[in-house]
Amino acid sequence: MVRSTIPMVLCGLLAACADDVALPFAPLPAFDVPQVEKDIAGRCYGRDVTPARIETVTEQVMVQPPEVSSDGTVTAPTAFRTVTRQEITKERREILFETICPENLTPEFVASLQRALKARGHYRGPINGVLDTRTSLAIKAFQRIDSHDSPLLDIETARRLGLIALSPEQMDTASGQ
């Protein structure tokens, strides 16, 4: 009787604290997907804003040099003061770029995007045609290499991945003209 009660009690305790159970993997961070703006020609644009990076710099500044007598002995030591200031190490940056319009992000297109990112080592999830957090993080990581840091797929990135046709200028360059 006692043996059969223990597993039931343990199951009840585990069920009661199921929310506290640690997952074997870290959940993906959620983030807001930036808004897409459409121009009068029907092209879509995204905006990537990189905030300024500000660091606190602390340094010692000499207030008074040492006083040295004629025989070389120091009569008064050097006086220093600690100065702390904020310094912008990277300016704020805002980039407007052409992106794929949301209505063109079909499950077939997103699956092709996932395959292209997976082939380049940036996507490790399932090829499911869903533009989820994992896919957005992979887009962001891939674009960070050459251009900007946005989860929105830049037109130029889509061309580099072979997902959309090259522009006429790129076709001329590719053919050597």
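Above this text sits the structure in question.
Residues numbered from 1 in each chain as written. Predicted model: local features only at pLDDT ≥ 70, side-chain atom pairs only at ≥ 80, totals over all residues. Heavy atoms only, no water.

Draft legend 1. Examining the packing of helix α2 (residues 107-119) against helix α3 (residues 133-146) more closely. Between α2 and α3, whose axes approach to 10 Å, the crossing angle comes to 50 degrees. Taken together, the axis directions place α2 and α3 in an arrangement best described as oblique. Crossing of α2 over α3 shows left-handed handedness. Contact residues: α2 offers Leu113, Gln114 and Leu117, while α3 offers Thr135, Ala138, Ile139 and Phe142. Each residue belonging to the contact of α2 with α3 can be placed in one class, and the counts come to 5 nonpolar, 2 polar and no charged. (Axes fitted to C-alpha atoms, helices over the stretch in contact; angles between N-to-C directions. Helix = DSSP H or I, 4+ residues; strand = E, 2+ residues; numbered from the N terminus. Parallel < 35°, antiparallel > 145°, perpendicular 65-115°, else oblique. Left-handed = near helix turned anticlockwise from the far one by under 90°. Contact = heavy atoms within 4.5 Å. Nonpolar A, V, L, I, M, F, W, Y, C, P; charged D, E, K, R; others polar.)

Draft legend 2. Quick look at the state of the cysteines. Scanning the entire structure with this criterion turns up 1 disulfide. Between the sulfur atoms of Cys44 and its disulfide mate Cys101 the distance is 2.0 Å. A torsion of 110 degrees about the S-S bond marks the disulfide between Cys44 and Cys101 as right-handed. With a gap of 57 residues between them, Cys44 in strand β2 (residues 44-50) and Cys101 in the loop between β7 (93-99) and α2 connect regions that are remote in the sequence. Take Cys44 and Cys101: they sit in the same class, and that class is buried. (Disulfide = S-S within 2.5 Å. Buried < 20%, exposed > 50% of the residue type's maximum accessible area, 1.4 Å probe, protein only.)

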